[in-house]
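Residue-level listing of the chains:
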Amino acid sequence: MVVIVLEQRGDTKPAGCIIYCSLCFIYGRDSGA
Amino acid sequence: MFFNISPNFTVIYNALHDSLVLVDKETERSLREGNLANIPSDSKEFKNLLRTGVLVEDNVDEDSLLQKKRLELSLSHKYMGLWLSLTNKCNLACKYCYQSTRALMEGEDLSPERWHKVYSYIIRKVKEGLKVITMTLYGGEPLLNPSMALRIIKDLDLLAQEFDVVSGVGLITNGTVYNDDVGEIFERVFQVQITIDGPREVHNERRPFKSGEGSFDVIFNNLVKIIDRHKTRVSLRVNVDEHNVDYVEDFINMLAELRLRDRIAGIDLSPVQPDQAVRYVPFKTSKNYYEYYINISRKIVDLLEYAVEKGFKIGRVITWWPCMCKLKQSYAVDEKLNLYYCPGFMYSPVGYIGYISQDDVVLVSAAKERIVTNIPSCAYNCKLGPVCYGGCVYLESLGIPVCPYILYGEEYLERLVRAYVLSRYREVIARAGDSGGRQGY
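All chains use their own residue numbering, which begins from 1 and follows the written sequence. Written order determines the labels here, with chains lettered from A and ligands numbered from 1. Given that the model is predicted, a residue must reach a pLDDT of at least 70 before its local features are reported, and side-chain atom pairs must reach 80 or more before they are shown or counted; all residues, however, enter totals for whole chains, interfaces and linings.

### Quick word on the overall build of chain B
Scanning chain B from terminus to terminus reveals 15 helices and 13 strands. Note on method: radius of gyration uses C-alpha positions; expected globular size equals 2.2 Å times residues raised to 0.38. Against the 2.2 N^0.38 benchmark of 22 Å for 441 residues, chain B shows a C-alpha radius of gyration of 23 Å, consistent with a compact globule. Viewed in the frame of its principal axes, chain B has a C-alpha envelope of about 65 × 50 × 45 Å. To sort residues by burial, count the other C-beta atoms lying within 10 Å of each one's C-beta; a count of 20 or more means buried, 12 or fewer means exposed, and anything in between means partly exposed. C-beta atoms are built from the backbone. Relative to its 441 residues, chain B shows a buried fraction of 46%. Sequence separation of at least 24 residues holds for 70% of the intrachain contacts in chain B that already meet a minimum separation of 6. Per the convention used, a helix needs a DSSP run of H or I reaching at least four residues, while a strand needs a run of E reaching at least two, with both numbered from the N terminus. We call two residues in contact whenever the C-beta atoms placed from their backbones are within 7 Å.

This is the structure we're talking about:
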């Protein structure tokens, strides 16, 4: 059985992304490691 | 949400916990069928599924919890995101630049007096409970006003020291300005985005200096110096439309050959927004903006997969975290302190919602509040609702359908998520496969 938690982000890190937004890189795409 | 990653593995996204969990196909089958006999309740796998929200008690209404959580976040005093234009002057003359269509742009720098008003507003909010502030320095070209950039960075650092506040400053720059005067800025921001639109000739055609001279060599040399000298994460953005889309693979190859994949934080491919510039049509094969936007969004998925294949990282594509339009205390702010929903609307009367006066925000209509609190009904009855929340306000203002099902369809959306996961976790997945399925984290 494989269950690996890749990511679980907390509420205080607004670094995720949404599907459409190509403008925003703080609230938009998180292009980083 | 389940996303197929490989013949052996699936990734599950749980919006309520903002978690991504890799499972093997057998576990996926057990979860889909609600048959937990194969997952002992005292195992760490079971506990991880519980912790990440993949497993919940029968009586938990996750949709309601997520709606509540999202609304609380949108209305929260704890978070503020500002996109601040330091100047609307720019040394480039990009063919598709949206500034050519924006009536409220008048050619000014952000003055110290105006920054003082923004800072006073931030301090007032800190005293009311603000805990996390992210500031993006924007323009025009923000580094044409370097003293202001440094002042903002220093002021926010002091703020974080004096109060219990986390602050971070990001920089969006065209990459043409790098010298001793701006070195400290690159050292102190947490992330930099530099735009290059393809190989030399392609980029130079699209993003020349105002003089007409190509900017590629200057930017590329600066990029290499910046990643050599500073630890700050630098991501590369490529603005893509039908005029350069066929050259992006070449550009990715070039970056790979120059061994930049481990030195830049990631590659972000973004569609040129339809109708954003005067006398610039971003398509040549599509029939209209609507068709163009869907086509280019899907071609970008192809290219992101290619970039990942070449070893580059790409941005995460799904989260429950709403965009800045939906956050009460988040705005794009121009150098005259006018406020807009997001940078897409900068200098546009359509997206103008108010201004900063002394130490407060003055909203000229209830539109911001409406957008913050109103989630379209489709979002409540949709599989993608938790990560879509009704779509992009900017694209909607252009009349472009924003539903991710229309934009990507399930196939492209799954490919997008798969590319992200592979760009970050290829080795983890390989190890899980190699272990013969005995590994649990």
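That covers the picture; the talk isn't over yet.
### Brief notes about the sheet that holds strand 8 (residues 233-240) of chain B
All names here are of chain B. In this analysis, strands are considered paired if DSSP registers two or more bridges between them. The 10 strands lie next to each other as 9-8-7-6-5-4-10-11-12-13, forming an open sheet whose pairing is mixed. Two strands in the sheet have a free side with no partner beyond their single neighbour: strand 9 (266-271) and strand 13 (360-363). Neighbour to neighbour, the strand axes of the sheet diverge by 25° on average, direction disregarded. Two strands pair when backbone bridges link them, and strand 10 (residues 331-333) and strand 11 (residues 338-340) are joined in this way by 2 bridges, in the antiparallel orientation. Bridging from a neighbouring strand, Val333 pairs with Leu339 of strand 11. Structural elements are reduced to axes, namely lines fitted to C-alpha atoms, with helices fitted over the stretch in contact, and the angle between N-to-C directions of any two is expressed from 0 to 180 degrees.

### Brief notes about the environment of Val60 of chain B
With respect to the helices and strands, the residue Val60 of chain B is situated in the loop between helix 2 (44-51) and helix 3 (62-74). Spatially, the C-alpha atom of Val60 of chain B lies 52 Å from that of Gly183 of chain B, the residues being 123 residues apart in sequence.

### What about the packing of helix 4 (residues 112-127) of chain B against helix 5 (residues 146-162) of chain B?
All names here are of chain B. Remark: helix 4 packs on helix 5, axes separated minimally by 12 Å, with the N-to-C direction vectors making an angle of 20°. By the criterion of interaxial angle, the relationship of helix 4 to helix 5 is roughly parallel. Along this stretch, helix 4 crosses helix 5, giving a crossing that reads as right-handed. In contact with Trp115, Tyr119, Ile122 and Val126 of helix 4, helix 5 contributes Met148, Arg151, Ile152, Asp155 and Leu159. Gly is put with the polar residues, along with every residue not named as nonpolar or charged; the nonpolar set is Ala, Val, Leu, Ile, Met, Phe, Trp, Tyr, Cys and Pro, and the charged set is Asp, Glu, Lys and Arg. Here the contact of helix 4 with helix 5 is composed, by residue class, of 7 nonpolar, no polar and 2 charged. Roughly parallel here means an angle under 35 degrees, roughly antiparallel means over 145, roughly perpendicular means 65 to 115, and every remaining angle is called oblique. The handedness criterion is simple: a crossing whose near helix is rotated anticlockwise from the far helix by less than a right angle is left-handed, and one whose near helix is rotated clockwise is right-handed.

### Examining helix 9 (residues 248-257) of chain B
Side chains that are three or four residues apart share a direction in an α-helix, a result of its 3.6 residues per turn. All names here are of chain B. Looking at helix 9, one finds that the buried residues are Val248, Phe251, Ile252 and Leu255. Viewed along the axis of helix 9, the buried residues span an arc of 100°, placing them on a single side of the element. Seen from the buried face of helix 9, the exposed residues on the opposite side, beyond 90 degrees, are Asp250 and Glu257. For helix 9, the elements touching its buried residues are strand 8, strand 9 and helix 10 (289-309). At the C-terminal side of helix 9, Arg259 shows a positive phi close to 55°. By arc we mean the arc of the directions from the helix axis to the C-beta atoms, nothing more.

### Brief notes about unusual backbone geometry
Residue and element names in this part refer to chain B. In this structure, the amide linkage connecting Gly139 to the following residue, Gly140, adopts the cis form with an omega of 25°. Here Gly140 lies in the loop between strand 5 (132-139) and helix 5. Its identity as a non-glycine residue notwithstanding, Leu337 has a phi of 70°, on the positive side. Locating Leu337 in the fold gives a position in the loop between strand 10 and strand 11.

### Details of the domain arrangement of chain B
All names here are of chain B. For the domain bounds, the source is a domain assignment made automatically or taken from a database. Per the domain assignment, the segments making up chain B are domain 1 (2-60 + 408-434) and domain 2 (72-407). On the domain 2 side, the residues contacting the 15 residues of domain 1 number 19 residues. Its residues assigned to classes, the side of domain 1 that touches domain 2 shows 10 nonpolar, 2 polar and 3 charged.

### What to know about the sheet that holds strand 1 (residues 3-8) of chain A
Pairing is antiparallel in the open sheet, where 4 strands are placed in the order 1(A)-3(B)-2(B)-1(B). Where the open sheet ends on each side, the last strands, each with one partner, are strand 1 of chain A together with strand 1 (2-4) of chain B. Averaged over all adjacent pairs, the angle separating strand axes in this sheet is 25°, with direction ignored. Pairing geometry for strand 1 of chain A and strand 3 (residues 19-24) of chain B, over 5 bridges, is antiparallel. In the sheet register, Ile4 of chain A faces strand 3 of chain B, and the bridge partner there is Leu22 of chain B. Those strands touched by helix 1 (residues 25-33) of chain B are strand 1 of chain A together with strand 1, strand 2 (9-14) and strand 3 of chain B, and its axis lies near 110° from that of strand 3 of chain B.

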